[in-house]
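Inside the fold
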Amino acid sequence: MTPFMFVTDLDHTLVGDDAALTQLNQILTQHRHEYGTKIVYATGRSPVLYKELQIEKNLIAPDALVVSVGTEIYLDGKNTADSSWAEILSTGWHREQVLSITEQFSELELQPDSEQRPFKVSFFLKQEVAASVIPQIELMLEKYKLNVKLIYSSGVDLDIVPRSSDKGQAMQFLRQKWKFAAERTVVCGDSGNDIALFAVGNERGIIVGNARQELLEWHNQYPANHRYLAQNFCAGGILEGLKYFGFIK
Ligand code: GLC
Ligand code: MG
């Protein structure tokens, strides 16, 4: 067996089936110990909400933690975000301007303070109006030449982040840093903010069986042989996919 880079979303992907998670944790811990496999969590949560989940589910320590939809990277359990990644994101990012423009849209409801981050502004937006409102917001932000990207997840969350950032870009940054080939990298997810993980390159992809509609629609539109749609839910689907690609026995 050779090492691989394991990248996974948390809510409804790694977390959601406690028995399967226990089994997966054992396999990953052993693989890391024996072969040097790297474990990366890529979540939309802020550091505060990540810590809550980490304690609640007793998550194993990752080699890198990507939080706030790819806008912050914490390496080797450090408490401060990687500054070279922050530097890349800061070019052309104007948080205050994003806030003042989005204020004009009454459909947007700000998420709690803990989820507002240096490179991420987040709202709740109802599914019924999302398809019509998102293009209007995009147009307005473009008009002011703001270099941003809108990411809609789970029929409720709208994140606005720098264009050079998302879970996929953060994953590529780590892959290059650690020199893992795309073929030895596997990404797992269930919802809209995970599309970037699957879309960025030729990494092996595992879509868990309980994936959300926005991700399934995208997958059907852009099918690829290096992406596997699992039958099982959450960590059970990850185990199934890791075996399918031959990363584990
Ligand atoms: C997490 C974050 C939230 C974000 C969502 C989707 O739930 O807490 O701020 O909008 O993920 O990325
Ligand atoms: Mg998720």
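Calculation rules
Residues numbered from 1 in each chain as written. Chains lettered and ligands numbered in written order. Predicted model: local features only at pLDDT ≥ 70, side-chain atom pairs only at ≥ 80, totals over all residues. Heavy atoms only, no water. Phe/Tyr/Trp six-rings, centres within 6.5 Å; stacked < 30°, edge-to-face > 60°. Helix = DSSP H or I, 4+ residues; strand = E, 2+ residues; numbered from the N terminus. Buried < 20%, exposed > 50% of the residue type's maximum accessible area, 1.4 Å probe, protein only. Core = buried A, V, L, I, M, F, W, Y, C linked by side-chain atoms within 4.5 Å. Domains from an automatic or database assignment. Contact = heavy atoms within 4.5 Å.

1. Some remarks on the packing of aromatic side chains
Per the stated rule, a full pass over the model turns up nine aromatic pairs. Where Phe-4 meets Phe-247, the ring centres are 4.8 Å apart and the plane angle is 40 degrees; that geometry is what we call tilted. Taken as a pair, Phe-4 in the segment before strand 1 (5-8) and Phe-247 in the segment after helix 9 (234-244) lie far apart in primary sequence, 243 residues in all. Accessibility classification places Phe-4 together with Phe-247 in one group, the buried group. Each ring, one from Tyr-41 and one from Tyr-50, has its centre 6.3 Å from the other, and the planes form 50 degrees; the classification is tilted. Classification of Tyr-41 by relative accessible area gives buried; the value is 1%. Three or more aromatic residues joined by ring pairs make a cluster, and in this case those are Phe-4, Tyr-228, Tyr-244, Phe-245 and Phe-247.

2. Comments concerning the nonpolar core
In terms of nonpolar packing, the biggest core is built from 44 residues, with Leu-158 and Leu-174 touching the most fellow members. Built from parts of two domains, this core gets at least three residues from each of domain 1 (5-87 + 165-244) and domain 2 (93-162). Leave out the neighbours within four places in its chain, and Leu-174 touches Met-5, Val-40, Ala-64, Val-66, Ile-73 and Leu-75. Core analysis: the second largest hydrophobic core is formed by 28 residues, Leu-21, Leu-24, Leu-242 and Phe-247 among them.

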